[in-house]
Amino acid sequence: MSHATRSLVAAIDQGTTSSRCILFDHDGRPVASHQLEHAQITPRPGWVEHDADEIMERVQTCVRIALREAGADSRALAAVGISNQRETTVVWDRRTGRPVHNAIVWQDTRTTDAVARIGDVDRFRATTGLPVSTYSSALKLRWILDRVERDPAELAFGTIDSWLMWQLAGVHVTDVTNASRTMLMDLVTLDWDQGILDELGIARSVLPEIRGSSEVYATGTGDLEGVPIAGVLGDQQAALFGQTCFEAGEAKCTYGTGAFMLLHTGTTPVPSTHGLITTVAARLGGPGTPATYALEGSVAVAGSLVQWLRDDLAIIDTADEIEALARSVPDSGDVVFVPAFSGLFAPHWRPDARGVIAGLTRFSTKAHVARAALEATAYQVADLGAAMAADLGTPLPGELRVDGGMTRNDLLMQIQADILGSVVVAPGITEVSALGAAYAAGLAVGFWRDLDELRSMDAAPRRWEPRMSERDRAAGLARWHKGVERSLGWIG
């Protein structure tokens, strides 16, 4: 089959473990895709790197094969959008376009000492919305600059979106969502903050130009010859956009290895006093168009807890088996599982916490532990929701949009609806980050008219209604928080 000229939009979804290219038609349906993994390089404990050249090669192969699968070439594409792993840091030589060091991945903790030297976790929060942590790109960039003895004028820095655009189209740009995760951008001016650059000793010349999330940045080359690259969003913001959460008060949670919950807060950044971060949701268009903002909270251990039960405790043989095992008991039998394997993330921020399984009796079985493990994900997300409601000063809306691999677990989604006391809604397509990137690119070139047209295409066939009584919900939350208390202060 062949496709008419400019009848498709391509999304490059460059994630932590793999890259994929998905081609979407005008109804937002995927018509072809290809996915390839890349190496996880771990030279020391706590260090995680990627080969940026390998990622680029994988992306180009995915684009080529997806087009071939669709029986199409670049003339079928109206635009290309990019969704990317955030905070991962690449520095390359402007002349050769080659990386000067492996990319340092968002999970990497080699900058722990630099965080300690700054001392005040809130030092840049008022400006950037972020705590000082090993997550953000700024300290990773500083680490590379300290070890590569080169004139900064010869170097270019970017998160993965910038690296891909440099290679695909020869431009040095990023979008506001990715820039907001570097700890170098002012959330209000949407420009690099000179005071922070001076304090960290980072030359402005190495940084990309900050652009909107939905505008034409350049046209592609090679397999994307002449195609406008027109949408860029960090993966979680892309998922928010793909879930059509365009208005203040709309929220989504992505369940993967960890879980990421974002709440759209409209055109005003809401500072968090409850352990969340303030981030840019999107900016549709060029300079002068207003940005929208979000509160974000992350759970470190969600799907990875199921993997642990499978690989390390051998309670289950495959990840899918956890649902049937957990369903074999009516409740967790008072067992609480707090998976603080590397401390607790938002909203607690307690690196001294460690995992606990509490409330065991002689009658507890592996089924109770399995059910408590599913409940752990739902309770952690409920804690994020409570922190968001506290920051906003109003209750959360009555619906949570969900995506990611764990949404296939019907029991978990029902437990989530019960614990939140909210309706949980999942779209038919699981790759909502890619869909969000495609939407942003398609909007920029007029492939789709406006946000209303995107909303009209939104099909959310799966819904879970809360069925738990208020009393049981309160008792469950109290028991969970008792478990969290038991996990604190284990280290130190």
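Residues numbered from 1 in each chain as written. Predicted model: local features only at pLDDT ≥ 70, side-chain atom pairs only at ≥ 80, totals over all residues. Heavy atoms only, no water.

**Details of the overall build of the protein**
Here's step 1: Within the protein, the secondary structure is distributed over 15 helices and 21 strands.
Here's step 2: Over its C-alpha atoms the protein spans a radius of gyration of 22 Å, differing by no more than 12% from the 23 Å that the globule rule assigns to 492 residues.
Here's step 3: For the protein, the C-alpha atoms occupy an extent of roughly 65 × 55 × 40 Å along the three principal directions.
Here's step 4: A fraction of 72% describes how many contacts in the protein between residues 6 or more apart in sequence connect residues 24 or more apart.
Here's step 5: For the protein, the accessible surface area stands at approximately 19,200 Å², while carbon and sulfur atoms represent 51% of it. (Helix = DSSP H or I, 4+ residues; strand = E, 2+ residues; numbered from the N terminus. Rg over C-alpha atoms; globule rule 2.2 N^0.38 Å. Contact = heavy atoms within 4.5 Å. Areas by Shrake-Rupley, 256 points an atom, 1.4 Å probe, with all protein chains shown as cover.)

**Some thoughts on the sheet that holds strand β14 (residues 259-266)**
Here's step 1: If you walk across this open sheet you meet the 7 strands as β15-β16-β14-β13-β19-β20-β21, and the pairing is mixed. The open sheet has two free edges, formed respectively by β15 (277-283) and β21 (462-464), since each of these has just one partner strand. With direction set aside, neighbouring strand axes in the sheet form an average angle of 30°.
Here's step 2: Here strand β19 (residues 399-403) runs beside strand β20 (residues 423-426); their pairing, made up of 3 bridges, is parallel. By the bridge assignment, R401 is partnered in β20 with V425. (Pairing = 2+ DSSP bridges. Axes fitted to C-alpha atoms, helices over the stretch in contact; angles between N-to-C directions.)

**Brief notes about the packing of aromatic side chains**
Here's step 1: Under the criterion given, the structure shown has 12 aromatic pairs.
Here's step 2: On the basis of an interplanar angle of 85° and a centroid distance of 5.3 Å, the ring pair of Y439 and W448 is categorised as edge-to-face.
Here's step 3: Residue class for W448 comes out buried when judged on its relative accessible area of 0%.
Here's step 4: Taken together, the ring pairs in this structure connect W106, Y135, F345 and W349 into an aromatic cluster.
Here's step 5: The positively charged end of R110 is found above the aromatic ring belonging to W47, 3.9 Å away from the centroid. (Phe/Tyr/Trp six-rings, centres within 6.5 Å; stacked < 30°, edge-to-face > 60°. Buried < 20%, exposed > 50% of the residue type's maximum accessible area, 1.4 Å probe, protein only. Lys NZ or Arg CZ within 6 Å of the ring centre and 35° of its normal.)

**A closer look at empty space enclosed by the protein**
Vacant regions in the atomic arrangement are exposed by a probe of water-molecule size rolled over the atoms.
Here's step 1: Under the counting rule described, the total for this entry stands at 3 cavities of 30 Å³ or more.
Here's step 2: The calculated volume of the largest cavity comes to roughly 80 Å³.
Here's step 3: What lines the largest cavity is a set of 13 residues, among which V299, L344, F345, A346 and Q380 lie closest to the centre.
Here's step 4: Here the lining of the largest cavity is built from residues that sort into 9 nonpolar, 3 polar and 1 charged.
Here's step 5: Looking at the second largest cavity, the residues that line it are V335, V336, F337, A372, E375, A376, Y379, G476, R479 and W480.
Here's step 6: Broken down by secondary-structure element, the contributors of at least two residues to the lining of the second largest cavity are β17 (336-338), α11 (366-392) and α15 (470-487).
Here's step 7: In terms of residue count, α11 provides more of the lining of the second largest cavity than any other element does, 4 residues in total.
Here's step 8: For the lining of the second largest cavity, the residue count by class is 7 nonpolar, 1 polar and 2 charged. (1 Å grid on protein atoms, 1.4 Å probe; cavity = no way out; pocket = protein on both sides within 12 Å on 5 of 7 lines; lining within 4 Å. Points joined across faces, edges and corners; volume = space filled by probe spheres on them. Nonpolar A, V, L, I, M, F, W, Y, C, P; charged D, E, K, R; others polar.)

**Overview of the pattern of salt bridges**
Here's step 1: Per the stated rule, a full pass over the model turns up 34 salt bridges.
Here's step 2: In this structure, R86 engages D235 in a salt bridge whose closest nitrogen and oxygen atoms are separated by 3.4 Å. You can see R86 sitting in the loop between β5 (77-84) and β6 (90-93) and its partner D235 sitting in helix α8 (residues 235-242), a full 149 residues away along the chain. For the pair R86 and D235, a shared accessibility class is recorded, and that class is buried.
Here's step 3: A salt bridge links R455 to D452, with the shortest nitrogen-to-oxygen separation between them at 3.0 Å. Placement of both R455 and D452 in helix α14 (residues 451-457) is noted, with a separation of 3 residues, approximately one turn of the helix. (Salt bridge = Lys/Arg side-chain N within 4 Å of Asp/Glu carboxyl O.)

**Let's talk about helix α1 (residues 52-69)**
Here's step 1: Helix length check: α1, at 18 residues, gives a terminal C-alpha distance of 26 Å against a target of 26 Å (1.5 Å per residue), a fit within 8%.
Here's step 2: Here α1 has its buried residues at A52, E54, I55, M56, V59, T61, C62, V63, A66 and L67.
Here's step 3: The N-terminus of α1 is capped by D51, whose side-chain oxygen sits 2.9 Å from the backbone nitrogen of D53.
Here's step 4: The positive-phi residue at the C-terminal boundary of α1 is G71, with phi of around 65°. (Expected span 1.5 Å × (residues − 1). Polar contact = N/O pair within 3.5 Å; in protein donor to acceptor, adjacent residues only side chain to side chain.)

**Here's the deal with helix α12 (residues 410-420)**
Here's step 1: Counting buried positions over the 11 residues of α12 gives 9, a clear majority of the element.
Here's step 2: Every buried residue of α12 is listed here: L411, L412, M413, Q414, I415, Q416, A417, D418 and I419.
Here's step 3: Its side-chain oxygen placed 3.2 Å from the backbone nitrogen of L411, N409 serves as the N-cap of α12.
Here's step 4: Phi turns positive one or two residues past the end of α12, at G421, with a value near 70°.

**Focus on the nonpolar core**
Here's step 1: Ranked by size, the top nonpolar core spans 58 residues in total, and within it Y255, L309, I322, V338 and L400 carry the most contacts.
Here's step 2: No other element matches α11, which puts 14 residues into this core.
Here's step 3: When neighbours within four sequence positions are excluded, L309 is seen to be in contact with A314, I315, I316, I322, F337, V369, A370 and A373.
Here's step 4: Among the nonpolar cores identified, the runner-up in size contains 39 residues, and I55, V63, L77 and Y217 belong to it. (Core = buried A, V, L, I, M, F, W, Y, C linked by side-chain atoms within 4.5 Å.)

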